[in-house]
Amino acid sequence: MGLSETIAAKKVPGLKGAFLIDAAGACQAHNCDQSAAAQSAELARQIADIVGVTGLDTIWLSSDAGLIGLRVTPGGAAGAWLSPDGDVAAAKALIDALVKAPASAAAPAAAGADVIGQIRRIATEYLTDFAETALMIQIKQAALDEKNPKPDQLAKLTGGLEKAALMIIGPSRAKEMGEKLKKAIS
Amino acid sequence: MNDLTAVKGVQGFAVFANDTMVDGSAKGALGDKIGEIEQFWVNAASVIANNFKLGQVKDVAVAGPDRLVVMLLAGDRTVVCECDGKANWKPLAAEIRRKL
């Protein structure tokens, strides 16, 4: 079950948006800013690591404008954004369901060989002469079938390309490329 | 300040200012690394709220399967409460705020 299906099934009163991030960092967002979700999840993961209290993996915050719940797990992250009077218990159940979803749920619409073409174009734009070699290595590492790519393999491929790009084009350009790749597979 | 351990679900509390526990403010049982939890998670909450354009954070709860820490922001102070891990943080935070 993907993000939209889980949201529909859980029917959280006051829900404004939700997001799901897989282990490779691919973010799927429903009615919320994908970049805000990804940055927040990354921050929460870093803070959980720094504080280092085992099991303390969920943050909730409230303001006059709304509520956010965000849980990080080794397999990714999930969160929900609610109106100020939103149902927290129902949102917790939604987040629990999202983090238990299989990794492939993070990008259900990504299948299709044309997505490889898009990835190749983006990689070439940023990595120029290194693109084909980097692609070849990462496709092999992701055990990806180019004719029938699975969403989790695509996430692994794009994550691997972004990591490889760090050493070739530096962190800011690699991040930029990574964002384009994530969009291409979402 | 009222004794917040009188609120059902609150096991202990302390007041923090500038990421430091105010002397003599702690009462009841506070769990592991409560200072780090206040210092890092409250700041993270502000950044997350800013990312989602939610404005000023009022309450923060950090939770795991067996632990719940509720933090209420009141001016330059943060009231940190170690709570029953099974409690629902939202009504509990509202009740604590009423007792402040």
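Computed from a predicted model, the values in this text were never measured in an experiment.

Enquirer: Quick question: what am I supposed to make of the overall build of chain A here?
Expert: Broken down by element type, chain A carries 7 helices and 5 strands. Helices (α) and strands (β) of chain A occur, in sequence order from the N terminus, as α-β-β-α-β-β-β-α-α-α-α-α. Taking 16 Å as the expected radius of gyration for a compact globule of 186 residues, we find that chain A reaches 17 Å, a close match to that expectation. With the C-alpha coordinates aligned to their principal axes, the bounding extent of chain A is approximately 55 × 35 × 30 Å. The buried share of chain A, reckoned over its 186 residues, is 50%. Residue pairs in contact within chain A that sit at least 24 positions apart in sequence constitute 60% of those at least 6 positions apart.

Enquirer: Looking at this model, I keep getting lost on the interface of chain A and chain B. Mind explaining?
Expert: Accessible area lost upon the coming together of the parts is a frequently used measure of interface size. Taken residue by residue, the interface counts 26 residues in chain A and 30 residues in chain B. Broken down by secondary-structure element, the contributors of at least two residues to the side of chain A that touches chain B are α2 (34–51), β3 (58–63), β4 (66–73) and α3 (88–100) of chain A. Ranked by residues supplied to the side of chain A that touches chain B, first place goes to α2(A) with 8 residues. Looking at chain direction, β3(A) and strand β4 (residues 57–63) of chain B are connected through 6 bridges and run antiparallel. If you follow W60(A) over to β4(B), its bridge partner there is A61(B).

Enquirer: Help me understand the environment of L135(A), please; the structure alone is not making it clear to me.
Expert: Residue and element names in this part refer to chain A. With respect to the helices, strands and loops of the structure, L135 is situated in helix α5 (residues 131–141). Spatially, the C-alpha atom of L135 lies 16 Å from that of K150, the residues being 15 residues apart in sequence. In this view, L135 contacts R120 and A123; residues no more than four positions away in its chain are not counted.

Enquirer: Quick question: what am I supposed to make of the nonpolar core here?
Expert: In summary, soluble globular proteins display a tendency toward joint burial of nonpolar side chains. Formed by 95 residues in total, the largest nonpolar core has its most connected members in A44(A), I59(A), A45(B), V60(B), A61(B) and V70(B). Once residues lying within four places of it in the same chain are set aside, the contact partners of I59(A) are A44(A), L70(A), W41(B), A44(B), A45(B), V60(B) and V62(B).

Enquirer: What exactly am I supposed to notice about the pairing of strand β5 (residues 68–74) of chain B here?
Expert: Working note: regular strand, side chains alternate between the two faces of the sheet. All names here are of chain B. Of all the 7 residues making up β5, 5 are buried; the element is thus mostly covered by neighbouring parts of the structure. Taken together, β4 and the strand that follows it, β5, pair antiparallel across an intervening segment of 4 residues. Examined bridge by bridge, β5 and strand β6 (residues 77–83) share 7 bridges and lie antiparallel to one another. Paired with V69 across the strands is E82, a residue of β6. What sits between the antiparallel neighbours β5 and β6 is a turn of 2 residues, in which G75 has the positive phi angle 65 degrees.

Enquirer: Could you clarify how one ought to interpret the packing of helix α4 (residues 114–127) of chain A against helix α6 (residues 151–169) of chain A in this entry?
Expert: Any two packed helices are characterised by the angle at which their axes cross and by the distance between the axes. Residue and element names in this part refer to chain A. Put simply, α4 and α6 touch, their axes get as near as 11 Å, and they point 5 degrees apart. Accordingly, the angle class assigned to the pair α4 and α6 is roughly parallel. Listed contacts from α6 to V115, I119, A123, Y126 and L127 of α4 are L154, L157, T158, L161, A165, I168 and I169. Tallied by class, the residues present in the contact of α4 with α6 amount to 11 nonpolar, 1 polar and no charged.

Rules used throughout
- Residues numbered from 1 in each chain as written.
- Chains lettered and ligands numbered in written order.
- Predicted model: local features only at pLDDT ≥ 70, side-chain atom pairs only at ≥ 80, totals over all residues.
- Helix = DSSP H or I, 4+ residues; strand = E, 2+ residues; numbered from the N terminus.
- Rg over C-alpha atoms; globule rule 2.2 N^0.38 Å.
- Buried ≥ 20, exposed ≤ 12 C-beta atoms within 10 Å, placed from the backbone.
- Contact = placed C-beta atoms within 7 Å.
- Pairing = 2+ DSSP bridges.
- Core = buried A, V, L, I, M, F, W, Y, C linked by C-beta atoms within 7 Å.
- Axes fitted to C-alpha atoms, helices over the stretch in contact; angles between N-to-C directions.
- Parallel < 35°, antiparallel > 145°, perpendicular 65-115°, else oblique.
- Nonpolar A, V, L, I, M, F, W, Y, C, P; charged D, E, K, R; others polar.

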